[in-house]
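Observations on chain architecture
Residues per chain are reported as follows:
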Amino acid sequence: MSATSQYRHVTVLLEEAVEALAVRADGCYLDGTFGRGGHSRLILERLGPDGRLIGFDKDPLAITTGQELAAEDGRFVVVQRSFAELAEEVAVRGLTGRVAGVLLDLGVSSPQLDDAERGFSFLNDGPLDMRMNPNVGVSAAEWLATASEEEIARVFKDYGEERFAKRMARAVVQRRAERPFERTADLAEVLKQANPAWEKNKHPATRAFQGLRIHINNELGDLERGLDAALEVLAVGGRLVVISFHSLEDRIVKQFMRRHAKGEADNLPRHLPVQAKAFEPRLKLLGKPQYASEEEVRANPRARSAVMRVAEKLR
Ligand SMILES: C[S@@+](CC[C@H](N)C(=O)[O-])C[C@H]1O[C@@H](n2cnc3c(N)ncnc32)[C@H](O)[C@@H]1O
C-alpha cells in the first residue's frame, strides 16, 4: 500500500461545504486545505471544462495525492504552500479579484493524526515532530528543548486552553533537564502526571498537545493571514467557506466575518478622515453557522466539533 493510501481521511461537511461554495461551472476556486482531496473532488465534479481549481497544502503526502489528481484532471493544480500565501500564488497566475470561491477546512487531517511517525498523537507513540511540513521549521521536540518555561506555559494555555498550563510547563522543564523529549508517548506521560484534574473522556495531555501543534504550525497566524488573503483575491459575489474544529479558530473566523460584514471603519480611530467607502461592508454573512448532522457525527466522530461559516464578498 502506498504511503498516501495507508491512512484515510473522511471529509467533514462534504456536501454542505461544496454546496455553500455555489460552484459555477466556469469559476476559479481555491481549496486552501487539500488534505486528501475530498472537497476538491466534489468541486471538480461540479466544474465544467473551463472551470479551475487550485489546491494548497503544507503536507508532502497531501501534495503527492494532489499531484496524482492533477495528472488525471487538467483543471486542477496543487501547490505546496500555506494558504496564508494564497494571494501571492493567485497574483502570479493573474487571478486576483477573479476567484469565485475559497474553501478552508482547517486543522489536521486524519492521516496526520493516525500515522504515529508524524508525531501528532499522544495515543500512538512516535517521534515528537507535529509539523504539517516536516521539511521546514522547528519540530515540537526541538522547540520543547529550548523554549522557556513561561513560553511553554503560554502555548499550553493560550492555544490549548489548558488550566494547569504552568504546572505542566514546569514538569516539562524539570524533566528535560535530565533527558530531552524525543517521543510523543514520553511527553504525554509527563503531561499526564502533571495534570491534577483529568476530564472525562479526554486524555489529560489533549489540551497541551493541541496547544503545541497550533504553535509549531503557526495555525492561528496562518488563519488570520489566509482570511485577509481570501478577501483580497475573491471576485465580487465570490464565496468564502471556512470549517473550524475548535473555539480558537472559530472565534477568529467569526470575528473576521462580522468585522467585514459591519464595515471596517468600525476599527479605525475616530479622528482620522475616513472615506465613506470604508464604512461599507465588504462581506455578507450567509446563513447561520452549520454543524455536522447526528448521522455524520455517528459515522465520523471527528465531525463532532466542526462548525462551518459562509460569507459572500460584496466589494
Ligand atoms: C482537515 S484537513 C483537510 C481535508 C480535506 N478537506 C479533504 O477532504 O481531504 C486539513 C489539511 O490542511 C492542511 N493545512 C492546515 N493548515 C494549512 C495551511 N496553513 N496551509 C496549507 N495547508 C494547511 C493540513 O496539512 C491538512 O492536510
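Described below are features of the structure shown in this document. Treat the numbers as computed from the prediction; the structure is a model and nothing was measured. Sequence order sets the numbering: in each chain, residues are counted from 1 along the sequence as written. With pLDDT at 70 or above as the cut-off, local features in this predicted model cover only qualifying residues; side-chain atom pairs require 80 or more to be listed or tallied, and sums for whole chains, interfaces and linings still use all residues. Computation of side-chain values: all heavy atoms of the structure, hydrogens and water removed.

**Regarding the packing of helix α9 (residues 184-194) against helix α10 (residues 206-216)**
Let me state the cut-off plainly: To get an axis, a line is fitted to the C-alpha atoms, and for a helix only the part in contact is used. The angle between two axes follows their N-to-C directions and goes from 0 to 180 degrees. Helix and strand definitions here come from DSSP, where helices need a minimum of 4 consecutive H or I residues and strands a minimum of 2 consecutive E residues; each element is numbered from the N-terminal end. An angle below 35 degrees is treated as roughly parallel, one above 145 as roughly antiparallel, one from 65 to 115 as roughly perpendicular, and anything else as oblique. Left-handed describes a crossing in which the near helix is turned anticlockwise from the far one by less than a right angle; the clockwise case is right-handed. Note on contacts: a residue pair is in contact if any heavy atoms of the two residues lie within 4.5 Å. Gly counts as polar in this scheme, as do all residues outside two lists: the nonpolar Ala, Val, Leu, Ile, Met, Phe, Trp, Tyr, Cys and Pro, and the charged Asp, Glu, Lys and Arg.
Interhelical geometry of α9 versus α10 gives an angle of 130° and a closest axis separation of 9 Å. Between α9 and α10, the angle falls in the class oblique. Viewed along their axes, α9 and α10 form a crossing whose handedness is right-handed. Contacts between α9 and α10 involve Thr184, Leu187, Ala188 and Leu191 from the former and Ala208, Phe209 and Leu212 from the latter. Across the contact of α9 with α10, the residue classes tally to six nonpolar, one polar and no charged.

**Some details on unusual backbone geometry**
For clarity, the cut-off: Relative accessibility under 20% of the residue-type maximum defines a buried residue, over 50% an exposed one, and the middle range a partly exposed one, all with a 1.4 Å probe and only protein chains included.
Positive phi values are uncommon outside glycine, yet Met130 reaches one of about 75°. Among the secondary structure elements, Met130 is positioned in the loop between α5 (110-114) and α6 (140-146). Classification of Met130 by relative accessible area gives buried; the value is 0%. Not every positive phi belongs to a glycine, and Asn201 is a case in point at roughly 60°. Locating Asn201 in the fold gives a position in the loop between α9 and α10. For Asn201, a relative accessible area of 79% translates into the label exposed.

**Here's the deal with the nonpolar core**
Our working definition: Definition used in this section: a nonpolar core is a set of buried Ala, Val, Leu, Ile, Met, Phe, Trp, Tyr and Cys residues joined via side-chain atoms within 4.5 Å.
Membership of the largest hydrophobic core comes to 32 residues, with the highest contact counts inside it found for Leu30, Val102, Leu227 and Leu240. Listing elements by their share of this core, those giving two or more residues are β1 (28-31), β2 (52-57), α4 (86-92), β4 (99-105), α11 (219-233), β5 (234-244) and α12 (247-262). Discounting chain neighbours no more than four positions away, the residues touching Leu30 are Leu53, Ile54, Phe56, Leu86, Val90, Val99, Gly101, Val102, Leu103 and Val233. Counting residues in hydrophobic clusters, the runner-up holds 31 residues, among them Val108, Ala141, Ala153 and Phe156.

**Describing the site of the ligand**
Using the following cut-off: We call a residue near a molecule or strand whenever a single non-hydrogen atom of that residue lies within 4 Å of it. Polar contacts here mean pairs of N or O atoms no more than 3.5 Å apart (in protein, one a potential hydrogen donor and the other a potential acceptor; neighbouring residues in sequence count only if both atoms are side-chain atoms). We get accessible surface area from the Shrake-Rupley algorithm with a probe of 1.4 Å; when it comes to residues, only the shown protein chains can shield them.
Around the ligand lies a shell of 25 residues, among which Thr11, Arg36, Asp57, Asp105 and Gln112 are the nearest. In this structure, Thr33 approaches the ligand through a main-chain N or O atom, which is 3.5 Å from a nitrogen atom. Between the ligand and Gln112 there is a distance of 2.9 Å, counted from an oxygen atom to a side-chain nitrogen or oxygen. Notes on the ligand: free accessible area 610 Å², of which the protein chains cover 98%. Residues that form the shell around the ligand fall into these classes: five nonpolar, 12 polar and eight charged.

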